[in-house]
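Working through the structure, step by step
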Amino acid sequence: MELNRRTVIAGAAAAGVAATTAFGGTAHAAPGRGKPVKSLFGRLADGTKVHLWSLENGGTRMKVLSYGGIVQSLEIPDRRGRYANVSLGFDTLEEYVASSPYFGALIGRYGNRVGQGRFTLDGTAYQLSVNDGENSLHGGAQGFDKRVWDVEPFTRGSDVGLYLYYTSVDGEMGYPGTLRTKVTYTLTRDGDWRVDYEATTDKATVVNLTSHVYWNLAGEGSGSVHDHELSIAASRYTPVDSGLIPTGELARVAATPFDFRRAKPVGRDIRTAHQQVLYGQGFDHNWVLDKGITRRPEQAAVLRDPSSGRTLRIATNEPGLQFYSGNFLDGTLVGTGGRVYRQGDGLCLETQHFPDSPNQPSFPSTVLRPGQTYRTTTVHSFGA
């Protein structure tokens, strides 16, 4: 019989098992569900309180910060029912504020890069906050990842979750319009983590929201993810220049290191002498999903750790997926497990519209106008 999450948990229940793991978790006899629990995580320099919300459902355990909507930890069982935290992060608020490379954060207003931090909309030129060389990255120096969100817990049928709210005022980080944002984190009865993004504006603007979790399905701090097997349902990707800004081309992945149409180890081609790999010091590119923009979430990628058996399936209605292979983790950051994070110790799979779309007329539009509602959904399904 093929083992999956449900058979593992059911087997543990039948045996009365509650095994302690090396990561401090246990394999519960049955998945729990209850109202999310709030606790104080820390205070910002101005005294603002930052809370941590703990929630569990369907065998998945998650901790979320009001600061940046950060997923501080996400625990799932392996093929033997042993839990591990598969999301890179920190133990303290001070570390997130001082040096986080967007660990687990909500990203906005614009996920990924905008070339030279400039764009023109309806004849008006806008200059954004520049924080990545000459470019604007992930919303600028004080993006959504560095804001304190209002959080409201919920239980709905068999689901539990959090509503997160943030209002970005007109001109914040250079973006036009007051953007009212609502993001819903839901843990379903099957242990899926669903993210629903919504936003409205009072002035024409651009928006591209995403989540920046760094995944290591063997457990954070366990070492490289280069042996993880990844598939991406994309026949094309967007090549970049030396500043990692798309050239506008939609290039074929066939016969390149970017071909993940069939699952292969992340590290198989990561040291290939291909100019695009050299630009990114690994993979840091947007894949053009074959499905395009869809009404409902459709499968975009599958990640598997052969050692633990854990799998992550990502479905989205977005047209793109940014795969970042953790190239700039440099051994200076210590994670929640007390171990140093080095290059390739985690990877990101960010569902999105394409980078620099405001300057690329041929890319799907990221413009949001008054009277419209921005809506997008991504579902993370776990198994073993």
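Below, the structure is looked at part by part. Predicted model only: the values in this text are computed from it and were never measured. (Residues numbered from 1 in each chain as written. Predicted model: local features only at pLDDT ≥ 70, side-chain atom pairs only at ≥ 80, totals over all residues. Heavy atoms only, no water.)

Looking only at helices and strands, the chain features three helices and 29 strands. The globule rule puts the C-alpha radius of gyration for 384 residues at 21 Å, and the 20 Å found for the chain is close to it. Considering only C-alpha atoms, the chain reaches an extent of 65 × 50 × 40 Å along its principal axes. The buried share of the chain, reckoned over its 384 residues, is 58%. The long-range fraction of contacts in the chain, counting pairs at least 24 apart against all pairs at least 6 apart in sequence, stands at 66%. Accessible surface for the chain amounts to roughly 15300 Å². Of this, 47% is attributable to carbon and sulfur atoms. Looking at the chain, you have 40 positive and 38 negative side-chain charges, and the mean spots of the two groups are 5 Å apart. (Helix = DSSP H or I, 4+ residues; strand = E, 2+ residues; numbered from the N terminus. Rg over C-alpha atoms; globule rule 2.2 N^0.38 Å. Buried < 20%, exposed > 50% of the residue type's maximum accessible area, 1.4 Å probe, protein only. Contact = heavy atoms within 4.5 Å. Areas by Shrake-Rupley, 256 points an atom, 1.4 Å probe, with all protein chains shown as cover. Lys, Arg positive; Asp, Glu negative; His and termini not counted. Charge placed at Lys NZ, Arg CZ, Asp CG, Glu CD.)

As a further point, take the side chain of threonine 184. Relative to the elements of secondary structure, threonine 184 occurs in strand 13 (residues 179-187). The exposure class of threonine 184 is buried, given its relative accessible area of 6%. In contact with threonine 184, other than residues within four places in its own chain, are Phe154, Leu162, Tyr163, Arg194, Val195 and Asp196.

With that settled, the discussion passes to the sheet that holds strand 19 (residues 251-252). Taken in spatial order, the five strands line up as 19-18-21-24-27 in an open sheet, and their pairing is antiparallel. This sheet does not close on itself; its edge strands, each paired only once, are strand 19 and strand 27 (348-352). Here strand 18 (residues 234-238) runs beside strand 21 (residues 284-289); their pairing, made up of four bridges, is antiparallel. In the sheet register, alanine 234 faces strand 21, and the bridge partner there is leucine 289. (Pairing = 2+ DSSP bridges.)

Quick look at the sheet that holds strand 11 (residues 150-156) now. The sheet built from nine strands is open, its strands ordered 11-12-13-14-29-23-22-17-20 with antiparallel pairing. Looking at the sheet topology across the chains shown, the edges are occupied by strand 11 and strand 20 (264-265). Across seven bridges, strand 11 lies against strand 12 (residues 159-168) in antiparallel orientation. By the bridge assignment, arginine 156 is partnered in strand 12 with aspartate 159.

Here the amide bond leading from glycine 108 into arginine 109 is cis, since omega sits at 0°, within 30 degrees of zero. Phi is positive for histidine 138, which is not a glycine, with a value near 55°. Inspection of the secondary structure assignment puts histidine 138 in the loop between strand 10 (136-137) and strand 11. Under the relative-accessibility criterion, histidine 138 is labelled buried at 5%.

Each pair of aromatic rings is reported with the distance of its centres and the angle of its planes. All told, the structure shown has 26 aromatic pairs when counted by the stated rule. With 4.2 Å between their ring centres and 5° between their planes, tyrosine 237 and phenylalanine 258 make a pair best called stacked. Here tyrosine 237, found in strand 18, pairs with phenylalanine 258, found in the loop between strand 19 and strand 20; they are 21 residues apart in sequence, far enough to count as distant. Residue tyrosine 237 is classed as buried on the basis of its relative accessible area of 4%. Each ring, one from phenylalanine 258 and one from phenylalanine 283, has its centre 5.4 Å from the other, and the planes form 80°; the classification is edge-to-face. In this pair, phenylalanine 258 is assigned in the loop between strand 19 and strand 20 and phenylalanine 283 in the loop between helix 3 (275-280) and strand 21, connecting sequence segments 25 residues apart. (Phe/Tyr/Trp six-rings, centres within 6.5 Å; stacked < 30°, edge-to-face > 60°.)

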